[in-house]
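# Fold and contact review
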Amino acid sequence: VLHQTAIENAEAAKLLYNTNIGLKIGFGNFVGELATRLNNIDADKVMQILVSDSQRITGSAYLQSGMGDGGPCHPRDNLALTWLCHKLDMRYNLPTLLMHARQLHAEWLCDIVAGAAVTHQMDACVLGLAYKRNVSLIDGSAAMLCLRLLAKQLGQVFGYDPLVTGKEAIVLYGEDRELRIPVES
C-alpha cells in the first residue's frame, strides 16, 4: 500500500510499525507464559480464538489516540490478571503495564485541560462521562477518572452527560465533595 505523506509521518510510521510488532510479540509471549504457568491452558488455542476476531483484535479498531479504555470489563479484567500474574510470579506483567499506561495517559490529558483552564481563567468541564457512546454507565469510565484527576488539580471541575446525570451537572470539589446542579436548556 502506498501513502503520500510528509517525511516526518513516514519516519514515524516506520518506527511505530516496529513498535507495534513488538507489542504483538510481547502479548503473544505473555499469553504463552500465562498458559504455561497455569498448566491447563493451550496458548496456541487461545491465540487462535483471539486472532479470529478480525474486527477488534487484528483490525483497525482501537488504534486511534484519545481516551483510555473503560467500562466494567477492561479495567476489572486487567486488575484480575495483574493479581494472577503476581500470584504466579510471572516475569512479565502486561496487565499492570496497561493499567499504568491508562493512568499516565489520563494524567497527561488532564494536564493539558488544566493548563488551558488556568491559562484562559476558565472552569474545566468534562462532557460525556459514560465509558462509551450512547450508554449511561460510568463503571470504569476514563472520563470519570479524568473528572476526578481534574478536581484534584484544579479544586473544582464540572462534568456533564445527559444520559448519566439527566438535567444535572456534576461539580466535583477537590477529591471528596460532589454537588449536582441543574443545567439550563
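Residues numbered from 1 in each chain as written. Predicted model: local features only at pLDDT ≥ 70, side-chain atom pairs only at ≥ 80, totals over all residues. Heavy atoms only, no water.

## Quick notes on the overall build of the chain
From N to C terminus, the chain includes six helices and four strands. Counting helices and strands in the order they occur from the N terminus, the chain gives α-α-α-α-β-α-β-α-β-β. Against the compact-globule benchmark of 16 Å for 185 residues, the chain has a radius of gyration of 20 Å, which places it well outside the compact range. Each principal axis of the C-alpha distribution contributes one length, and for the chain these read about 55 × 45 × 30 Å. Residues counted as buried form 26% of the 185 residues belonging to the chain. Within the chain, contacts between residues separated by at least 24 positions form 50% of all contacts whose residues are at least 6 apart in sequence. Here the chain displays about 13,300 Å² of accessible surface, and carbon together with sulfur accounts for 57% of that area. Each charge class in the chain was averaged separately, 16 positive and 19 negative side chains, and the resulting centres sit 5 Å apart. (Helix = DSSP H or I, 4+ residues; strand = E, 2+ residues; numbered from the N terminus. Rg over C-alpha atoms; globule rule 2.2 N^0.38 Å. Buried < 20%, exposed > 50% of the residue type's maximum accessible area, 1.4 Å probe, protein only. Contact = heavy atoms within 4.5 Å. Areas by Shrake-Rupley, 256 points an atom, 1.4 Å probe, with all protein chains shown as cover. Lys, Arg positive; Asp, Glu negative; His and termini not counted. Charge placed at Lys NZ, Arg CZ, Asp CG, Glu CD.)

## Quick notes on the packing of aromatic side chains
A complete count under the given rule lists one aromatic pair for this structure. Between Phe 30 and Tyr 92, the ring centres sit 6.3 Å apart and the planes meet at 80 degrees, which makes this aromatic pair edge-to-face. With Phe 30 in helix H1 (residues 7-38) and Tyr 92 in the loop between helix H3 (73-87) and helix H4 (94-119), this pair connects stretches of sequence that are 62 residues apart. The exposure class assigned to Phe 30 is buried, which follows from its relative accessible area of 4%. In this structure Tyr 92 comes out as partly exposed when scored by relative accessible area, which is 31%. (Phe/Tyr/Trp six-rings, centres within 6.5 Å; stacked < 30°, edge-to-face > 60°.)

## Some thoughts on the environment of Val 126
Checked against the element boundaries, Val 126 lands in strand S1 (residues 125-127). In the structure, Val 126 is positioned 40 residues away from His 86 in sequence and 35 Å away in space, judged by C-alpha atoms. Residue contacts for Val 126: discarding those within four places in its chain leaves Ala 143, Leu 147, Leu 150, Phe 158, Gly 159 and Tyr 160.

## Details of the pairing of strand S3 (residues 168-173)
Each regular strand carries side chains that alternate between the two faces of the sheet. Across four bridges, the pairing between strand S2 (residues 156-160) and S3 is antiparallel. Bridge pairing in S3 places Phe 158 opposite Val 171. Sheet topology places S3 next to strand S4 (residues 177-182); six bridges connect them, and they run antiparallel. The residue bridging Leu 172 from the neighbouring strand is Glu 178, located in S4. (Pairing = 2+ DSSP bridges.)

## Details of H1
Taking 1.5 Å of rise per residue, 32 residues should cover 46 Å, and H1 covers 47 Å from first to last C-alpha, within 8% of that figure. Of all the residues in H1, the buried ones are Gly 26, Phe 30, Val 31, Glu 33, Leu 34 and Ala 35. For H1, the secondary structure elements touched by its buried residues are helix H2 (43-51), H3 and H4. Taken from the residues just after H1, Asn 39 is the one with a positive phi, measuring 70 degrees. (Expected span 1.5 Å × (residues − 1).)

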